[in-house]
Amino acid sequence: MSKGHAWVLGATGQIGRAAVGSLVEDGWEVTAASRGGGGDGSWDAGVRTVALDRDEDGALAAALGDGCDVLVDMVAYGEQHARQLTALADRIGSAVVVSSGAVYEDESGRSFDTQGDPDGAPRYPVPIPESQATVAPGGATYATRKIRLERDLLAAGDALPVTLLRAGAVHGPHCRSPRELYFVKRALDGRTRRVLAYGGTSRFHPVHSANVAELIRLSALRPGSRVLNAADPQAPTVAEIGEAVDAVLGRSARTVLMPGAATPEGVGDTPWSTPHPVVYDMSAAERELGYRAVTGYADSLPETVEWIAGQLTDRDWTDAYPAMVRAYGTGLFDYAAEDAWLERYDREA
């Protein structure tokens, strides 16, 4: 017997693919909506696919028809999308919306938005609870748009019960900007040493797409208005991640530890680099939803690495991952600068 009708917005993205599969397996009738309207080869044949641009006036309302029991939204940002969802509250039983751990700020008002300044890196408690202060809502940054979305949706109250999932550093197959590329490409390029800033101790809590999908599944079964963190059971250091990627690929690179921040050229910088740990508290999800992770970082890594390496076959990394270029620039693999730094390091050793 069907648990009801689940509508998934952003269904062909990284988390969306996993969420559709998880909901189907749990007995939901699923409509998968995305801009392209395509499907995924792993989905059940019964999944209904819909091509939808949610930003077209009236498009979501028209596609939603008589409504759904739960709407799962991977791609909601800011007040415009909050208004869109709350306007359809009479046709949505409950909602599960993916937010971000980037919304948090520390006691001094520092956040991901300020960390470009050497003195602006946030010092969060370890682990970060959902009660931690957040950035002010607005429209200028990713984080301020996400918190605006959260507050406007929660303000709907009983009219639209919504679970907001503050996701960590998402990883797994189908990621458009996989942080693991940093180590996978270096291994494939035969790099024998890697330089890591902050002594290789940076921790930026990851979450596998399958674990977010499990949180979505549980939230759909237990509607309510709440905010929950979404993270893996472990928060490995950047040095541990590098070693784990090497192990999957059967390579062995020596890690050279840089005591402080990366150089101005970016030597030592990685997609996880932060001077202070970012670790999310998962006790609320465990308590309120009975959440248990379905996978861990090391266990899930072989599939992730295989997928990343496959995308690099006969393609430059900038073509395979344009989102990584936008996020980190082309200097991510500046081996000349790295070799020059290592040469100086060897001389001074």
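For the structure, check the block above.
Draft legend 1. Region of interest: the overall build of the protein. Check the secondary structure of the protein and you find 12 helices and 11 strands. Relative to its length of 349 residues, the protein is compact, with a C-alpha radius of gyration of 21 Å against a globular reference of 20 Å. Seen through its principal axes, the protein has C-alpha atoms that stretch 70 × 45 × 35 Å. Counting all 349 residues of the protein, 54% fall into the buried class.

Draft legend 2. Examining the packing of aromatic side chains more closely. Under the criterion given, the structure shown has 11 aromatic pairs. With centroids separated by 5.5 Å and ring planes inclined at 15 degrees, the aromatic side chains of phenylalanine 183 and tryptophan 272 adopt a geometry described as stacked. Here phenylalanine 183 is found in helix 5 (residues 181-188), whereas its partner tryptophan 272 is found in the loop between strand 11 (254-257) and helix 8 (283-289), with 89 residues between them in sequence. An identical accessibility class is assigned to phenylalanine 183 and tryptophan 272; each is buried. An aromatic cluster is defined as three or more aromatic residues linked by ring pairs; in this entry it consists of Tyr182, Phe183, Trp272, Trp317, Phe333 and Tyr335. Above the plane of the ring of phenylalanine 333 lies lysine 185, whose end atom (NZ or CZ) is 5.4 Å from the centre. We note arginine 186 situated over the ring of tyrosine 182; from NZ or CZ to the ring centre the distance is 3.9 Å.

Draft legend 3. Geometry of unusual backbone geometry. Cis geometry marks the peptide bond from valine 126 to proline 127, where omega comes out at 0 degrees. Mapping proline 127 onto the fold places it in the loop between strand 5 (92-100) and helix 4 (142-154). Phi angles above zero are rare outside glycine, and histidine 174 is one such case at about 70 degrees. Positive phi values are uncommon outside glycine, yet aspartate 314 reaches one of about 60 degrees. One can find aspartate 314 in the loop between helix 9 (297-311) and helix 10 (317-320). According to the relative accessible area criterion, aspartate 314 is exposed, its value standing at 78%.

Draft legend 4. Just the sheet that holds strand 3 (residues 48-51), in detail. What the 7 strands build is an open sheet, ordered 3-2-1-4-5-6-10; its pairing is parallel. Each edge of the open sheet is held by one strand with a lone partner, namely strand 3 and strand 10 (226-230). Along the sheet, successive strands turn relative to each other by an average axial angle of 20 degrees, direction set aside.

Draft legend 5. Main features of the environment of arginine 315. Its location among the elements puts arginine 315 in the loop between helix 9 and helix 10. Classification of arginine 315 by relative accessible area gives partly exposed; the value is 39%. With 10 residues separating them in the primary sequence, arginine 315 and valine 305 have C-alpha atoms 16 Å apart. At a separation of 3.2 Å, a polar atom in the side chain of arginine 315 contacts the main-chain carbonyl oxygen of glutamine 311.

Draft legend 6. Just the environment of tyrosine 124, in detail. Within the secondary structure, tyrosine 124 is located in the loop between strand 5 and helix 4. For tyrosine 124, a relative accessible area of 7% corresponds to the buried category. Setting aside chain neighbours within four positions, we find tyrosine 124 in contact with Tyr104, Glu105, Asp106, Arg110, Ser111, Phe112, Pro277 and Val278. A distance of 2.8 Å separates the side chain of tyrosine 124 from the backbone oxygen of tyrosine 104, its partner in a polar contact.

Draft legend 7. Representation of the packing of helix 3 (residues 78-87) against helix 4. Contact geometry for helix 3 and helix 4: axes closest at 7 Å, N-to-C directions at 25 degrees. In terms of orientation, helix 3 and helix 4 fall into the roughly parallel class. For helix 3 against helix 4, the interelement crossing comes out right-handed. Packed against helix 3, whose contacting residues are Gly78, Glu79, His81, Ala82, Leu85 and Thr86, the element helix 4 presents Arg145, Arg148, Leu149, Asp152 and Leu153 at the interface.

Draft legend 8. Focus on helix 9. Its 15 residues place the ends of helix 9 21 Å apart at the C-alpha level, agreeing with the 21 Å of an ideal helix rising 1.5 Å per residue. In helix 9, a bend of some 30 degrees at glutamate 303 exceeds every other bend along the element. Residues Tyr297, Ser300, Leu301, Thr304, Val305 and Ile308 constitute the buried set of helix 9. Among the structural elements, strand 7 (169-171), helix 5, strand 9 (206-208) and helix 7 (238-249) are those in contact with the buried residues of helix 9.

Here is what the cut-offs are and how they apply
Residues numbered from 1 in each chain as written. Predicted model: local features only at pLDDT ≥ 70, side-chain atom pairs only at ≥ 80, totals over all residues. Heavy atoms only, no water. Helix = DSSP H or I, 4+ residues; strand = E, 2+ residues; numbered from the N terminus. Rg over C-alpha atoms; globule rule 2.2 N^0.38 Å. Buried < 20%, exposed > 50% of the residue type's maximum accessible area, 1.4 Å probe, protein only. Phe/Tyr/Trp six-rings, centres within 6.5 Å; stacked < 30°, edge-to-face > 60°. Lys NZ or Arg CZ within 6 Å of the ring centre and 35° of its normal. Pairing = 2+ DSSP bridges. Axes fitted to C-alpha atoms, helices over the stretch in contact; angles between N-to-C directions. Polar contact = N/O pair within 3.5 Å; in protein donor to acceptor, adjacent residues only side chain to side chain. Contact = heavy atoms within 4.5 Å. Parallel < 35°, antiparallel > 145°, perpendicular 65-115°, else oblique. Left-handed = near helix turned anticlockwise from the far one by under 90°. Expected span 1.5 Å × (residues − 1). Bend = angle between axes of the 7 residues up to and from the residue.

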